[in-house]
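# Observations on chain architecture
Each chain, letter by letter, is given below.
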Amino acid sequence: MIVALTITKFNRITIPFAFLGMAILRIPLWLNNKCKFWKLMGSGKDAQVDLPPDFRHWAILTNWETRDDCDAFYNKSLPIKWFRFFGSEEFTILLNPLSSHGLWSGKQPFVVSKNSIKSTNQIAVITRAAIKFSKVKDFRSNIKRAADAMRKADGFILSAGVGENPFLDQATFSIWTDAQSMKNYAYKSHDHSDVIKLTRERQWYSEELFARFEIIESSGTLNGLSITTINNL
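All of the points below concern the structure found in this document. Treat the numbers as computed from the prediction; the structure is a model and nothing was measured.

How each quantity is defined
Residues numbered from 1 in each chain as written. Predicted model: local features only at pLDDT ≥ 70, side-chain atom pairs only at ≥ 80, totals over all residues. Heavy atoms only, no water. Helix = DSSP H or I, 4+ residues; strand = E, 2+ residues; numbered from the N terminus. Rg over C-alpha atoms; globule rule 2.2 N^0.38 Å. Contact = heavy atoms within 4.5 Å. Areas by Shrake-Rupley, 256 points an atom, 1.4 Å probe, with all protein chains shown as cover. Buried < 20%, exposed > 50% of the residue type's maximum accessible area, 1.4 Å probe, protein only. Polar contact = N/O pair within 3.5 Å; in protein donor to acceptor, adjacent residues only side chain to side chain. Arc of directions from axis to C-beta. Pairing = 2+ DSSP bridges. Axes fitted to C-alpha atoms, helices over the stretch in contact; angles between N-to-C directions. Salt bridge = Lys/Arg side-chain N within 4 Å of Asp/Glu carboxyl O. Core = buried A, V, L, I, M, F, W, Y, C linked by side-chain atoms within 4.5 Å. Parallel < 35°, antiparallel > 145°, perpendicular 65-115°, else oblique. Left-handed = near helix turned anticlockwise from the far one by under 90°. Nonpolar A, V, L, I, M, F, W, Y, C, P; charged D, E, K, R; others polar.

### Here we look at the overall build of the protein chain
Along its length, the protein chain carries eight helices and eight strands. For the protein chain, the C-alpha radius of gyration of 17 Å lies close to 17 Å, the compact-globule estimate for 233 residues. Along the three orthogonal principal directions, the C-alpha set of the protein chain runs to about 45 × 40 × 40 Å. In the protein chain, 76% of the contacts between residues at least 6 apart in sequence involve partners at least 24 apart. Put simply, the protein chain shows about 11,700 Å² of open surface, and 54% of that area lies on carbon and sulfur atoms.

See the structure below:
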């Protein structure tokens, strides 16, 4: 399986076309029988985690059985052409699932190959949660400290906050130098481990997913930075 994520920044004058795209670009995605799972999503401010909605950054997540199908989508499809025509900056990353637990919209979208092995290189992580309406205020009052701790953690490279709904459906995409750095943040960071504990105790989510990926390749920039640029800072 190939998982592709593209985050595009739109110019201010083209923001209306971003909103329009969220409506009409669902049609070609629905009709594409080779796309096994897809999501059109907005983002937090500057595409970051736990910040107010940012109407300039938008994302497309797609799953494909083969690289050829993925490449054909990126070379010929209306959704990608739309994003590239109206967008001013694009970051795209291709991923291979290494592990996945939980559901997204009632589905397990990331199929892990039996041949997948643990990666000792950079890894990517997607965490996604559907937040109960009655728990939104409590969730948002606690999650910022976990997001701040992530950006300061050893081994952290890049993150983006995306989601179908800016308040109830949120996903965090992050890249780490290696799996151990990600685990150190997840289980040894006081702020993050405390938020995990609160998540269980207060039952914030109606649905959640955690998935880890090998990075196949990436292109473009997010807020002016690429993975290569960040590694060389």
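### Overview of the environment of Y205
Within the secondary structure layout, Y205 lies in strand β8 (residues 205-220). Residues Y205 and F133 lie 72 residues apart in sequence; the distance between their C-alpha atoms is 9.2 Å. Apart from the residues within four sequence positions on either side, Y205 is in contact with A129, A130, I131, K132, F139 and T199.

### What about the side chain of S174?
Along the chain, the position of S174 falls in strand β7 (residues 169-176). A relative accessible area of 4% places S174 in the buried class. A polar contact is formed between the side chain of S174 and the side chain of W176, at a distance of 2.9 Å. Among all residues touching S174, those that are not within four sequence positions of it are I123, A124, V125, M150, L158 and S159.

### A short note on helix α3 (residues 67-76)
Residues D69, C70, F73 and Y74 constitute the buried set of α3. The arc enclosing the buried residues of α3, seen along the axis, measures out at 130 degrees, which places them on a common side. Among the exposed residues of α3, those oriented more than 90 degrees off its buried face are D68, N75 and K76. Those residues of α3 that are buried are in contact with β1 (2-10), α2 (26-31), β3 (53-64), α4 (78-86) and β4 (87-102).

### Digging into the environment of N184
Relative to the elements of secondary structure, N184 occurs in helix α6 (residues 179-188). On a C-alpha basis, the gap between N184 and G102 in space is 21 Å, while along the polypeptide they are 82 residues apart.

### Some remarks on the pairing of strand β6 (residues 156-165)
Of all ten residues in β6, eight are buried; the element is thus mostly enclosed. As judged from the two bridges shared by strand β2 (residues 35-44) and β6, these two strands associate in the antiparallel manner. Counterpart to G42 in the pairing with β6 is G163.

### Overview of the sheet that holds β8
Spatial ordering of the closed barrel is given by β1-β3-β2-β6-β7-β5-β8-β4, a layout of eight strands whose pairing is antiparallel. Averaged over all pairs of adjacent strands, the angle between their axes in this sheet comes to 35 degrees, without regard to strand direction. Across eleven bridges, β4 lies against β8 in antiparallel orientation. Bridge pairing links S99 to R212 in β8. Sheet strands touched by α4: β1, β3 and β4. Its angle to β4, the strand with the most contacts, is close to 140 degrees. Along the sheet, helix α5 (residues 136-152) makes contact with β5 (123-131), β6, β7 and β8, crossing β7 at roughly 10 degrees.

### A look at the pattern of salt bridges
The final tally for this structure, using the stated rule, is eleven salt bridges. The closest approach of N and O atoms between E65 and K36, which form a salt bridge, is 3.9 Å. With E65 in the loop between β3 and α3 and K36 in strand β2, this pair connects stretches of sequence that are 29 residues apart. Among the residues examined, K36 registers a relative accessible area of 41% and is labelled partly exposed.

### Points about the nonpolar core
Ranked by size, the top nonpolar core spans 27 residues in total, and within it L61, I93, W104, F110, F173 and I175 carry the most contacts. Those elements giving two or more residues to this core turn out to be β1, β2, β3, β4, β5, β6, β7 and β8. In contact with L61, other than residues within four places in its own chain, are V3, A4, L5, F37, W38, K39, M41, W104, F110 and I126. The next biggest cluster of nonpolar side chains, apart from the first, holds 21 residues, and it includes A4, F10, C35 and L40.

### Things to note about the packing of α3 against α4
Remark: α3 packs on α4, axes separated minimally by 6 Å, with the N-to-C direction vectors making an angle of 45 degrees. Judged on the interaxial angle alone, α4 and α3 are oblique. Handedness of the α3/α4 crossing: right-handed. Residue-level contacts link F73, Y74, N75 and K76 of α3 to L78, P79, I80, K81 and R84 of α4. Class assignment of the residues belonging to the contact of α3 with α4 gives a composition of five nonpolar, one polar and three charged.

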